[in-house]
Amino acid sequence: MATRADMGAITHDQEALNEELQSANEEIVSSNEELQSLNEELETSKEEIESTNEELITSNHELMARNQMVEELYTYNEAILSTIHEPMLVLDKDIRIKSANKAFYKTFHVTETESLGESLYKLGNNQWNIPRLRELLDEIIPNNNTFYNFEVEHEFPVIGYKIMMLNAHRIIKQSNNEELIVLTIVDFTEVRKLQIELREKEKKILEKQIESDKKAWKLIEENNERYDRMLMQSPFAFAIFRGKDMVINLANESVKNIWGKGPNVEGKKLLQILPELKDGPIPEMIEKVFKTGIPQQGYEFLVPIKRNGKLEDVYFNFVFQPFLEADKTISGVTMISYEVTNQFIMKDELIKAKNLADQKTQIAENAMKAKQQFLSNMSHEIRTPMNAIIGFTKVVLKTVINENQKEYLNAIKTSGDSLIVLINDILDLAKVDSGKMFFEQTPFKMSESISAIFQLFEIKTQENNTELVVEYDQKIPDVLLGDPMRLRQIILNLMSNAVKFTSGGKINASVRLLKQDKKKVTLEFAIADTGIGIPSANLSTIFENFQQASTGTSKMYGGTGLGLAIAKQLVESQGGSIAVKSKIDEGSTFSFTMSFQKTKDGVKETAETLNTTSESETESKNIKVLVVEDIALNQLLMKTLLDDFGFDCDIASNGKIAIEKLQNNNYDVILMDLQMPEMDGFEATDYIRNTMNLNIPIIALTANVTTADLDKCKAVGMNDYISKPVEEKILYQKIVDLVKKSTAVKSSQTKENSSSIERSEKLKCTDLSYLKQRTKSNQKLLMEMISLYLEQTPSILSAMKQSVADKDWPSLYKAVHKLIPSFAIMGINADFENMAKKVQEYASKEQNMDEIPSLVILLDNVCKQACDELTESFNELKDTEKE
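**Brief notes about empty space enclosed by the protein**
- In total, this model carries four cavities of 30 Å³ or more according to the counting rule given.
- A volume near 80 Å³ is recorded for the largest cavity.
- What lines the largest cavity is a set of 15 residues, and nearest its centre among them are Trp259, Leu274, Leu277, Ile282 and Phe318.
- Looking at the lining of the largest cavity, the elements that each hand over two or more residues are strand E6 (237–242), helix H10 (282–292), strand E8 (296–307), strand E9 (310–324) and strand E10 (330–339).

**Describing a nonpolar patch on the surface**
- Taken together, the side chains of Phe236, Ile336 and Tyr338 define a hydrophobic patch exposed on the protein surface, amounting to about 250 Å² of accessible area.
- Within the secondary structure, Ile336 is located in strand E10.

**Remarks on unusual backbone geometry**
- At Asn465, a residue that is not glycine, the phi angle is positive and equals roughly 60°.
- Structurally, Asn465 is set in the loop between helix H14 (458–463) and strand E12 (467–472).
- The backbone of Asp585 shows a phi angle near 65°, a positive value even though the residue is not glycine.

**Remarks on the packing of helix H26 (residues 779–806) against helix H27 (residues 809–825)**
- It is at 9 Å that the axes of H26 and H27 come closest, and there the two elements cross at 150°. Accordingly, the angle class assigned to the pair H26 and H27 is roughly antiparallel. Seen along the crossing, H26 lies across H27 with a hand that is left-handed. Of the residues in H27, those touching H26 at Met785, Tyr789, Thr793, Ile796, Leu797, Ala799, Met800, Ser803 and Val804 are Trp809, Ser811, Leu812, Ala815, Val816, Lys818, Leu819, Ser822 and Ile825.
- Residue classes in the contact of H26 with H27 are distributed as 13 nonpolar, four polar and one charged.

**Observations regarding a negative patch on the surface**
- A cluster of acidic side chains, namely Glu43, Glu47, Glu48, Glu50, Glu54 and Glu55, defines a negative patch on the protein surface.
- Among the secondary structure elements, Glu48 is positioned in helix H2 (residues 25–83).

**Topic: the pattern of salt bridges**
- Per the counting criterion, the structure on display carries 15 salt bridges.
- Ionic pairing is found between Asp643 and Lys639, a salt bridge with its closest N-O pair at 3.2 Å. Placement of both Asp643 and Lys639 in helix H19 (residues 632–645) is noted, with a separation of four residues, approximately one turn of the helix.
- Asp643 gets classed as partly exposed once you look at its relative accessible area, which sits at 39%.
- Residues Asp720 and Lys734 are paired through a salt bridge, measuring 3.2 Å at the closest nitrogen-oxygen approach.

**Some thoughts on the packing of helix H20 (residues 655–664) against helix H21 (residues 681–690)**
- Interhelical geometry of H20 versus H21 gives an angle of 25° and a closest axis separation of 9 Å. With respect to H21, the element H20 is oriented roughly parallel. The hand of the H20/H21 crossing is right-handed. In this structure, H20 contributes Gly655, Ile659 and Leu662 to the contact, and H21 contributes Ala684, Tyr687 and Ile688.

**Some points on the packing of aromatic side chains**
- What the rule picks out here adds up to eight aromatic pairs.
- Between Phe444 and Phe596 the ring centres are 6.1 Å apart and the planes differ by 70°, which places this aromatic pair in the edge-to-face class. Here Phe444, found in strand E11 (residues 442–445), pairs with Phe596, found in strand E17 (residues 587–598); they are 152 residues apart in sequence, far enough to count as distant. The burial state of Phe444 is the same as that of Phe596; both residues are buried.
- Ring geometry for Phe525 against Phe596: centres 6.4 Å apart, planes inclined by 70°, an arrangement best described as edge-to-face. Of this pair, Phe525 sits in strand E15 (residues 520–529) while Phe596 is found in strand E17, placing the two residues 71 residues apart along the sequence. With respect to burial, Phe525 and Phe596 carry one shared label: buried.
- A network of ring pairs unites the aromatic residues Phe444, Phe525, Phe592 and Phe596 as a single cluster.
- Just above the ring of Tyr121 sits the side chain of Arg134; from NZ or CZ to the centre is 4.1 Å.
- The ring of Tyr721 carries Lys734 above its face, with NZ or CZ at 5.9 Å from the centroid.

**Remarks on the sheet that holds strand E4 (residues 160–173)**
- Read across the sheet, five strands follow the order E2-E1-E5-E4-E3 without closing on themselves; strand pairing throughout is antiparallel. Sheet topology places strand E2 (97–100) and strand E3 (147–156) at the edges, where each strand pairs with a single neighbour. This sheet shows a mean twist of 30° between the axes of neighbouring strands, independent of strand direction.
- Sheet topology note: the strand E1 (residues 88–92)/E2 ladder contains three bridges and is antiparallel. Following the sheet pairing, Val90 is matched in E2 by Ser99.
- Its contacts with the sheet put helix H6 (residues 131–143) on E1, E3, E4 and strand E5 (178–187), and the angle it makes with E3 is roughly 145°.

**Observations regarding the side chain of Arg170**
- Note that Arg170 resides in strand E4.
- The class of Arg170 is buried, set by a relative accessible area of 18%.
- A polar contact of 2.6 Å, which involves the side chain of Arg170, links it to the side chain of Glu179.
- For Arg170, the contacting residues outside a window of four places in its chain are Ile140, Ile141, Asn144, Asn145, Thr146, Glu179 and Leu180.

**A few points about the confidence of the model for the protein**
- With 79% of its residues at a pLDDT of at least 70, the protein reaches an overall mean of 77.
- Helix H24 (residues 754–760) is the least confidently modelled element of the protein, averaging 40 in pLDDT, while E15 averages 94, the highest of any element.
- Of the regions scoring below 50 in pLDDT, residues 606–618 engages in 13 contacts with residues more than four places distant in sequence or in other chains.

**What to know about the nonpolar core**
- In this structure, Ile670, Met672, Ile688, Met800, Leu812 and Phe823 are the most contacted members of the largest nonpolar core, which totals 60 residues.
- Of all the elements, helix H29 (residues 852–882) adds the most residues to this core, at twelve residues.
- Phe525, Leu570, Val571 and Phe592 belong to the second largest nonpolar core, which has 38 residues in total.

**As for the environment of Ala632**
- Here Ala632 lies in helix H19.
- Among the residues examined, Ala632 registers a relative accessible area of 56% and is labelled exposed.
- For the pair Ala632 and Ile651, spaced 19 residues apart in sequence, the C-alpha to C-alpha distance is 10.0 Å.

**Regarding the sheet that holds strand E22 (residues 720–723)**
- Strand order in the open sheet formed by five strands is E19-E18-E20-E21-E22, and the pairing between neighbours is parallel. Strand pairing shows two members of the sheet lacking a second neighbour, strand E19 (648–652) and E22, which therefore form its edges. Neighbouring strand axes in the sheet, compared pairwise and without regard to direction, differ in orientation by 20° on average.
- Sheet topology note: the strand E20 (residues 669–673)/strand E21 (residues 698–702) ladder contains four bridges and is parallel. The residue bridging Leu671 from the neighbouring strand is Ile699, located in E21.
- Against the sheet, H21 touches E20 and E21, its axis set at about 150° to E20.

**Comments concerning the pairing of E10**
- Bridging between E6 and E10 involves six bridges; their strand directions are antiparallel. When the sheet's bridge partners are listed, Ala239 is paired in E10 with Met335.
- What sits between E9 and E10 in their antiparallel hairpin is a turn of five residues, with Lys328 showing a positive phi close to 70°.

**A look at H6**
- Between its first and last C-alpha, H6 extends 18 Å over 13 residues, near the 18 Å set by a 1.5 Å rise per residue.
- Among all positions in H6, only Leu133, Leu136, Leu137, Ile140 and Ile141 are buried. Viewed along the axis of H6, the buried residues span an arc of 120°, placing them on a single side of the element. Along H6, the residues that are exposed and aim more than 90 degrees away from the buried face are Pro131 and Pro142.
- Tucked into the core, H6 has its buried residues touching E1, E3, E4 and E5.
- Backbone geometry just after H6 places Asn144 at a positive phi near 50°.

Each value, and the rule that gives it
- Residues numbered from 1 in each chain as written.
- Predicted model: local features only at pLDDT ≥ 70, side-chain atom pairs only at ≥ 80, totals over all residues.
- Heavy atoms only, no water.
- 1 Å grid on protein atoms, 1.4 Å probe; cavity = no way out; pocket = protein on both sides within 12 Å on 5 of 7 lines; lining within 4 Å.
- Points joined across faces, edges and corners; volume = space filled by probe spheres on them.
- Helix = DSSP H or I, 4+ residues; strand = E, 2+ residues; numbered from the N terminus.
- Patch = residues over 30% accessible without salt bridge, like charges linked within 9 Å, V, L, I, M, F, W, Y side chains within 5 Å.
- Areas by Shrake-Rupley, 256 points an atom, 1.4 Å probe, with all protein chains shown as cover.
- Salt bridge = Lys/Arg side-chain N within 4 Å of Asp/Glu carboxyl O.
- Axes fitted to C-alpha atoms, helices over the stretch in contact; angles between N-to-C directions.
- Parallel < 35°, antiparallel > 145°, perpendicular 65-115°, else oblique.
- Left-handed = near helix turned anticlockwise from the far one by under 90°.
- Contact = heavy atoms within 4.5 Å.
- Nonpolar A, V, L, I, M, F, W, Y, C, P; charged D, E, K, R; others polar.
- Lys, Arg positive; Asp, Glu negative; His and termini not counted.
- Charge placed at Lys NZ, Arg CZ, Asp CG, Glu CD.
- Buried < 20%, exposed > 50% of the residue type's maximum accessible area, 1.4 Å probe, protein only.
- Phe/Tyr/Trp six-rings, centres within 6.5 Å; stacked < 30°, edge-to-face > 60°.
- Lys NZ or Arg CZ within 6 Å of the ring centre and 35° of its normal.
- Pairing = 2+ DSSP bridges.
- Polar contact = N/O pair within 3.5 Å; in protein donor to acceptor, adjacent residues only side chain to side chain.
- pLDDT = per-residue confidence, 0-100.
- Core = buried A, V, L, I, M, F, W, Y, C linked by side-chain atoms within 4.5 Å.
- Expected span 1.5 Å × (residues − 1).
- Arc of directions from axis to C-beta.

What follows is the structure, given as structure tokens:
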């Protein structure tokens, strides 16, 4: 700018000179010479300006690079400081807090807002106003002092008594010439307490040791002769060998008896007396002790010894130690030994007995597993034909029949319902015994569940002329977390007993709050009746399988004796306890306590009732249903029910046929049985979802509803389930609801994009929110993490599937172990992580092998979907980086 100003002045001068030139030609020559000289100077200035400009550009680039380094260094330092466990502070020259790490806020119960800019001495009601600390801190900046491991004992009003080691150092912030103090704090309280405790213990031990030593020396002095006699008469063989030739210098009576070589062994060489030992390990052990001074020992050594003219295999325990003179030189070897032949033989027999017992235990366990599997399989197989029997009975009851036929059919229905209850009890018992009973943790309204359960017994109690009183504690939280279906099953079993054995009396049912904290509540459920009572002698066995109060109870009142056993198992499996009090002819009180988690989640509404409004009937017209079922009776039953609903029905005998029909026809909903030949329901659904990419609603039909089965249904892509025997109202409502929902989704999309919409309706299984948070949205690091997942996952999945094919369970465990951490990192649903952990558990224990292949297929599918989604995310990040 100065140069430009000079140029402006020069131009002005030139104009003046031009005017003068016109008036004075003689001055032109002189002025031209001066102008020429000035032009040369201007050229030089121009070159200097260009050079200066280049230097500025270079400096600017260097400054930007340094700024980036400073930012990276700041991020790096922030990351380090946030992970340091010890509290750390940065103070200004006035001892005000400039910054602090998370450990400081957490340890001393203060917040960042109330700390920053506040004097350390005033922080937290002046709890840091420690005189000696003030002196040290006030001297740091003016005198450039530091202090290390300065110990402070102080009683804090919030966190109590603390012993701290403090370190402080002065630093200068060059950017603004600001002087700061870095203060680090190490909580030494527990360490000091341990030190004091250890010192006290050491002191007591030392005192005891001194006292013990005094007594020992006294005993030694008093009993030297006695010990010598004891040593010589000890049952342990004792001998001293002198010199390299192993001459026996001293041997007690036990050595002479064990060896069987007579009393005159002193003064003779060991191998002269026992030539049988020449090729054994004992001479080498003695020589090693003599040369090195290192003690040697051996247990259950087999030593062949010739005793009384007969060679015997004898087992010994040996200890060889160096025999030291007063100057610590080794002059011999001391041997202590004792024969353990009988113990060795006994141990060998015990090992054989243990192996035999293990074999018998394994046989018993296998028999138990076989029994449990038999019960489970039989219960499942019986439920399938029962579905048809009860279903067709209901269908026939809706037709025009006479009173006798109606009475017979009602009898069939009642018997079928009773049989289903029995089958359910047996199946539940098998599940509990085999460890396959799972409990849901879903939000539910306790008061509504209890009210619905006891409403079921109102008519029955009225028929028995029994008064039913329900008491509910209003202090119980409205929504709790637990398994409402299992709770319902427990109370139903107990209430059924009370109603069965009480006539013309009273039943009092109560639910009260025992205790609660921030996380859970403990409730007591009690059902007291004035019925026939239970003999006191039978109270101890009343909860056992197939047990009843007396031998005549089953004949008079019916039942199998499983209800109470299952109730007890269900209560105790959820961490509760159950009890009974009873007196003959006075009544019984069954009570149980259980804990439930508190929750702020809402309760999901379920459609269990039939909506028969004209609107629903209008919307349900022209619904086409594909029934995939292999049992002919069940096919006919489902067709009859669907015809009654006014739905079109098509039948497929297995999953393979269903897929063929789907390739040629359109359906609104699929009813999918789970167990079928050729291709079961899980495999068929997986193919429909992942190969055909169809989002048609699928409802599972199952005779064995467990949490594991339901998890598999959801994971493979089924929308809902219904248990056999089928409740037609529930079936109707589920079909209508799913078709209505599916229709609403389709109508919101255009026909041109229908194929892409079907793909988009498939739930996205990854969520990068957590990964972005951990990488602080660092795009480069984010891409690197995704790339690493895409690189490693296919090989892990391949190893996982190969392990299943080879039945190599340790390899499967390792492969799944590598896969599990990626679920949380890539935001994959926790259900799949739990599924992977279940596979890992099965592989480690080598149990439930029949479930592993289907679970691995589900994990493989979700991980492949995750790879596709992450590849798309990676490409989007890459395009953004280019822009």
